[in-house]
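Listed below, chain by chain, are the residues.
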Amino acid sequence: MVDVSKLVRESIKNLTPYFHGGNVWEISEKYNIPVDQLIDFSISTNPLGAPKTSLENIRQNLNLIQHYPDPDHEWLLEAFANFAGVEPDNVIVGNGSTELIYLFTEVFLESGYEAVIPVPTFSEYKAAIERFGGNIVFINCDSAKNFQLNIEELEKAISKKTRILFLCNPNSPTGWLYEKEDILRIIKLAAEENVMVFLDEDYIDFVDDSKRYSMAEYVRDYDNLFVLRSLTKFFCLAGVRIGFGIGSPDLVKILKNVRMPWSVNSLAMFGSVEAIKDKDFIKRSRLLLSNSKRQMREMFNTIPWLKVYPSETNFLLVEITRGDLNSTQLREGLAKRGLLIRDCKDFDGLNNKFFRVTVRRPEENKKLLEQIKSFGNQK
Ligand SMILES: Cc1ncc(COP(=O)(O)O)c(C=O)c1O
């Protein structure tokens, strides 16, 4: 017998995968509820589903899956560039935006250097650092300030060893949206110290007037900036896996040299190229979600043992303020009833008093709130 565990590279011996929302498969099996009868508030995707135009283009091109995906996909780079207000040579696509988090970290981080992460935030930045080596420097953001990053603290956290600063705007799971001026100040500060800024804008499409907040165009002026976007959330293409990144042409070239060949499949390309062109879908989604979020927040405010944090995107971070209930109990109680929420106990900087819910259609939000109330009353 070969003891395979002894042959594993030292640096990745102790890696364990992080927990994510959206695992409808697990809940379906555990509680014997068909997947299509679950309502998933745990993954922050658009409740309208993927645009029909996108699905239709996938269907029409199904016969092309006998070929490898187009390795150059100039047509897709052009479409993404157009959508983000940059040039095609500023764009790289990825197998979900997650691939680009790993790719970027692999390129810029190694043992002996540091990456700074303000928390709470998305866990895959940490996971990527653990895989490729280097130390993590967390900055704990204060709940009393709605988890806003304190820029003076950030200045102190950056050292000669810092290679990457990870930022998420709007941030998940807090929902906080930074103004352009704040992000710009951070990018300049990082540039002075030769630090790369990895700015995750996966939820920016949900923001009203997203162009006012996106930093995509600033890659022209700042070589140390890389902006991340995804088709998973707003365009609800989670299952085909596609995202893209925006950086200077030189940065994009370096990343492309390291990327695995054909990592993005043809169906993802065909689906996404139509999705981003669907102006009617974009308008309808924003309108639905802005009304629906208002309604959801108002309903949460009627439950005295819950505190809802401000959010400029399509999910709400909620804190349980009573002592006899935690987020894991609530998650399980709701899952039995076919409703999934994101238990935030595993986020650095949060604990088992926090959960995140996605804004869905008003009737679905209502059902969730009724069940939360009823579960709370039974405790
Ligand atoms: C903030 C953030 N960034 C990146 C991702 C990765 O998304 P994907 O790989 O599906 O594009 C997620 C997924 O939950 C996320 O919440």
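Novice: When you look at the overall build of the protein in this model, what are you seeing that I'm missing?
Specialist: Helix and strand content of the protein: 13 helices and 13 strands. Here the protein has a C-alpha radius of gyration of 21 Å; the compact-globule value for 379 residues is 21 Å, and the two agree. By its C-alpha atoms, the protein is 60 × 60 × 55 Å across when sized along the principal axes. The buried share among the 379 residues of the protein stands at 44%. Nonlocal contacts in the protein, meaning residues at least 24 apart in sequence, comprise 72% of its contacts between residues at least 6 apart.

Novice: Would you mind showing me how to read helix 11 (residues 279-300) here?
Specialist: Since the α-helix advances by 3.6 residues per turn, residues separated by three or four positions end up pointing in the same direction. Spanning 22 residues, helix 11 covers 31 Å between terminal C-alpha atoms, matching the ideal 32 Å at 1.5 Å per step. Inspection of helix 11 places F281, S285, L289, K293 and M296 among the buried residues, and these make up the whole buried set. Along the long axis of helix 11, the arc covered by the buried residues comes to 85°, so they all point the same way. Residues of helix 11 that are exposed and point over 90 degrees away from its buried face: K279, D280, K283, L287, N291, R294 and E298. Elements in contact with the buried residues of helix 11: strand 10 (315-320) and helix 13 (362-378).

Novice: I tried to follow the domain arrangement of the protein on my own but got confused; where do I start?
Specialist: Reports of interface size often rely on the accessible area that becomes lost once the parts have come together. We note that the domain assignment places domain 1 (4-49 + 279-378) and domain 2 (52-275) within the protein. Computed over C-alpha atoms, the centres of domain 1 and domain 2 are 23 Å apart. Domain 1 puts 29 residues into the contact, and the matching count from domain 2 is 29 residues. Elements with a minimum of two residues in the side of domain 1 that touches domain 2: helix 11 and strand 10. By residue number, the principal contributor to the side of domain 1 that touches domain 2 is helix 11, which donates four residues. A breakdown of the residues in the side of domain 1 that touches domain 2 according to their chemical character gives 13 nonpolar, 11 polar and five charged.

Novice: In this structure, what is going on with the sheet that holds strand 9 (residues 306-308)? I would like to understand it.
Specialist: Consider a sheet: its strands pair through backbone hydrogen bonds, and that pairing is either parallel or antiparallel. Pairing within the open sheet is antiparallel, and its four strands lie in the order 9-10-13-12. Each end of this open sheet is capped by a strand with a single partner; those strands are strand 9 and strand 12 (342-343). Pairing between strand 9 and strand 10: three bridges, direction antiparallel. Bridged to V308 within strand 10 is V318. Running over the sheet, helix 12 (residues 327-336) touches strand 10, strand 12 and strand 13 (354-358) and is turned about 40° from strand 13.

Novice: In this structure, what is going on with the packing of helix 2 (residues 52-60) against helix 10 (residues 266-275)? I would like to understand it.
Specialist: The axes of two packed helices give the description: the angle between them and the distance between them. Relative orientation of the contacting elements helix 2 and helix 10 amounts to 145°, with a least axis distance of 7 Å. Helix-helix and strand crossings are classified by hand; for helix 2 and helix 10 the assignment is right-handed. When helix 2 is examined against helix 10, the residues T53, S54, N57 and I58 are found in contact with a partner set consisting of L267, F270, G271, E274 and A275. Residue composition of the contact of helix 2 with helix 10, by class: four nonpolar, four polar and one charged.

Novice: How should I be thinking about the packing of helix 4 (residues 96-108) against helix 9 (residues 249-258) in this particular structure?
Specialist: Interaxial distance between helix 4 and helix 9 falls to 10 Å at its minimum, and their mutual angle equals 100°. As summarised for this structure, helix 4 and helix 9 are arranged roughly perpendicular, according to the angle between their axes. Between helix 4 and helix 9, the contacting residues are L103, F104, E106 and V107 on the first element and I254, L255 and V258 on the second. Along the lines of polarity and charge, the residues of the contact of helix 4 with helix 9 split into six nonpolar, no polar and one charged.

Novice: Looking at this structure, I do not really get helix 10. What am I missing?
Specialist: Where burial is concerned, most of helix 10 is hidden: 10 out of the 10 residues are buried. Along helix 10, the residues that are buried comprise S266, L267, A268, M269, F270, G271, S272, V273, E274 and A275. Contacts from the buried residues of helix 10 go to helix 2 and helix 3 (74-84).

Novice: I would appreciate a short explanation of the pairing of strand 3 (residues 114-119) in the present structure.
Specialist: Regular strands have side chains that alternate between both faces of the sheet. The buried fraction of strand 3 is high, at six of six residues. Burial along strand 3 is two-sided: E114, V116 and P118 and A115, I117 and V119, pointing in opposite directions, are all buried. Pairing of strand 3 with strand 4 (residues 135-140), which is carried by six bridges, proceeds in the parallel orientation. Its bridge partner lying in strand 4, P118 is registered against I139. Regarding topology, helix 5 (residues 124-132) serves as the crossover connection from strand 3 to the parallel strand 4, and that connection is right-handed. Note that strand 3 and strand 5 (residues 162-168) share three bridges and pair parallel. Within the sheet, the bridge partner assigned to A115 lies in strand 5 and is I164.

The rules we used
Residues numbered from 1 in each chain as written. Predicted model: local features only at pLDDT ≥ 70, side-chain atom pairs only at ≥ 80, totals over all residues. Helix = DSSP H or I, 4+ residues; strand = E, 2+ residues; numbered from the N terminus. Rg over C-alpha atoms; globule rule 2.2 N^0.38 Å. Buried ≥ 20, exposed ≤ 12 C-beta atoms within 10 Å, placed from the backbone. Contact = placed C-beta atoms within 7 Å. Expected span 1.5 Å × (residues − 1). Arc of directions from axis to C-beta. Domains from an automatic or database assignment. Nonpolar A, V, L, I, M, F, W, Y, C, P; charged D, E, K, R; others polar. Pairing = 2+ DSSP bridges. Axes fitted to C-alpha atoms, helices over the stretch in contact; angles between N-to-C directions. Left-handed = near helix turned anticlockwise from the far one by under 90°. Parallel < 35°, antiparallel > 145°, perpendicular 65-115°, else oblique. Right-handed = clockwise from strand over helix to strand, strands pointing away.

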